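Okay, here's what each chain looks like letter by letter:
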Amino acid sequence: AYEASSRAKLTLRPTNPSPPYDNIILLIVMFSLFAAVSTMGAVAVFAIIKPVPWYSPRHVIPLCGMIFNNALSGVSLALDILFTELQSKRETIELMISFGADAWTATRPSFRSVLATALKPQINSMSVIGLVAIPGMMTGQVLSGASPTRA
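Residues numbered from 1 in each chain as written. Predicted model: local features only at pLDDT ≥ 70, side-chain atom pairs only at ≥ 80, totals over all residues. Heavy atoms only, no water.

*Asks:* What is the right way to read the side chain of E85 from this model?
*Replies:* Looking at where E85 falls in the secondary structure, it is placed in helix α4 (residues 57–88). With residues up to four places along the chain from it excluded, the contact list for E85 reads S110 and S113. (Helix = DSSP H or I, 4+ residues; strand = E, 2+ residues; numbered from the N terminus. Contact = heavy atoms within 4.5 Å.)

Written out as structure tokens, the structure is:
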């Protein structure tokens, strides 16, 4: 979480930083990663895999590691793009706020472009999984000595 929050080139800091607001981005990133990994990990372990015992490290550690890796990649990319986008459109956002728009309305176009851009790598990897990753895993199992019917 610290790595994802520190990757951004810009940070949200008030002009007069005080200790409670100094690491607000780090706290938001930590909470979002914890919520994503624990929710998706619980669904995968309890609803899909159902290992016995449920806390089997053979299943839980690799699964939660993969979920954490994907979530961290998305969050760090989104933060980097968000801060760059907000900095480049600062004058437009301030103008909209000065004309009476609330902060959410003024920054909504930036959030939409950040969401679309941050999800592209995940969508691309899901579209390729059947063409490259699954046959690659099967080839690896065959090369390691597994029978082709079992691989």
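More follows now that the structure is in view.
*Asks:* Explain the confidence of the model for the protein here, please?
*Replies:* The predicted coordinates should not be examined in detail at positions where pLDDT is low. Averaged over every residue, the pLDDT of the protein is 79; residues scoring 70 or more account for 74%. Highest mean pLDDT in the protein belongs to helix α5 (residues 90–98) (90); lowest belongs to helix α1 (residues 2–6) (55). (pLDDT = per-residue confidence, 0-100.)

*Asks:* Sorry, what's going on with the pattern of salt bridges here?
*Replies:* In a structure, side chains of opposite charge can pair up when their charged atoms sit close to one another. What the rule picks out here adds up to two salt bridges. For E85, the salt bridge identified is with K89, shortest N-O distance 2.9 Å. Here E85 falls in the buried class, since its relative accessible area comes to 16%. The exposure class of K89 is partly exposed, given its relative accessible area of 36%. Between R90 and E94 there is a salt bridge, and its shortest N-O distance comes to 3.0 Å. Of this pair, R90 and E94 are both found in helix α5, four residues apart, which corresponds to roughly one turn of the helix. (Salt bridge = Lys/Arg side-chain N within 4 Å of Asp/Glu carboxyl O. Buried < 20%, exposed > 50% of the residue type's maximum accessible area, 1.4 Å probe, protein only.)

*Asks:* Looking at this structure, how should I read the nonpolar core?
*Replies:* Soluble globular proteins tend to bury their nonpolar side chains together. Within the largest apolar cluster, eight residues are counted, these being I25, V29, L33, A71, L72, V75, L79 and F83. Going through the elements one at a time, α3 (24–49) and α4 are the ones with two or more residues in this core. Ranked by residue count, the leading element in this core is α4, at five residues. (Core = buried A, V, L, I, M, F, W, Y, C linked by side-chain atoms within 4.5 Å.)

*Asks:* Would you explain the packing of α4 against α5 in this entry?
*Replies:* The packing of two helices is summarised by the inter-axis angle and the distance between the axes. Interaxial distance between α4 and α5 falls to 4 Å at its minimum, and their mutual angle equals 70°. Accordingly, the angle class assigned to the pair α4 and α5 is roughly perpendicular. The residues of α5 that touch α4, namely those facing L86, Q87 and S88, are R90, E91 and I93. Residues of the contact of α4 with α5, tallied by class, amount to two nonpolar, two polar and two charged. (Axes fitted to C-alpha atoms, helices over the stretch in contact; angles between N-to-C directions. Parallel < 35°, antiparallel > 145°, perpendicular 65-115°, else oblique. Nonpolar A, V, L, I, M, F, W, Y, C, P; charged D, E, K, R; others polar.)

*Asks:* How should the packing of aromatic side chains be read in this particular structure?
*Replies:* Aromatic ring pairs: the centre-centre distance and the angle between the two ring planes describe each pair. Per the counting criterion, the structure on display carries three aromatic pairs. A centroid spacing of 5.5 Å and a plane angle of 40° characterise the contact between F46 and W54, whose relative ring orientation is tilted. We classify F46 as partly exposed; its relative accessible area is 47%. Taking the relative accessible area as the measure of exposure, W54 reaches 51% and is therefore exposed. (Phe/Tyr/Trp six-rings, centres within 6.5 Å; stacked < 30°, edge-to-face > 60°.)

*Asks:* In this structure, what is going on with the environment of C64? I would like to understand it.
*Replies:* Its place among the elements puts C64 in helix α4. In sequence terms C64 and A44 are 20 residues apart; their C-alpha atoms lie 9.1 Å from each other. If sequence neighbours within four positions are ignored, C64 has contacts with V37 and G41.

*Asks:* How should I be thinking about a nonpolar patch on the surface in this particular structure?
*Replies:* A cluster of nonpolar side chains, contributed by L115, L119, I123 and M126, occupies part of the molecular surface with about 420 Å² of accessible area. Turning to its location among the elements, L119 is positioned in helix α6 (residues 103–143). (Patch = residues over 30% accessible without salt bridge, like charges linked within 9 Å, V, L, I, M, F, W, Y side chains within 5 Å. Areas by Shrake-Rupley, 256 points an atom, 1.4 Å probe, with all protein chains shown as cover.)

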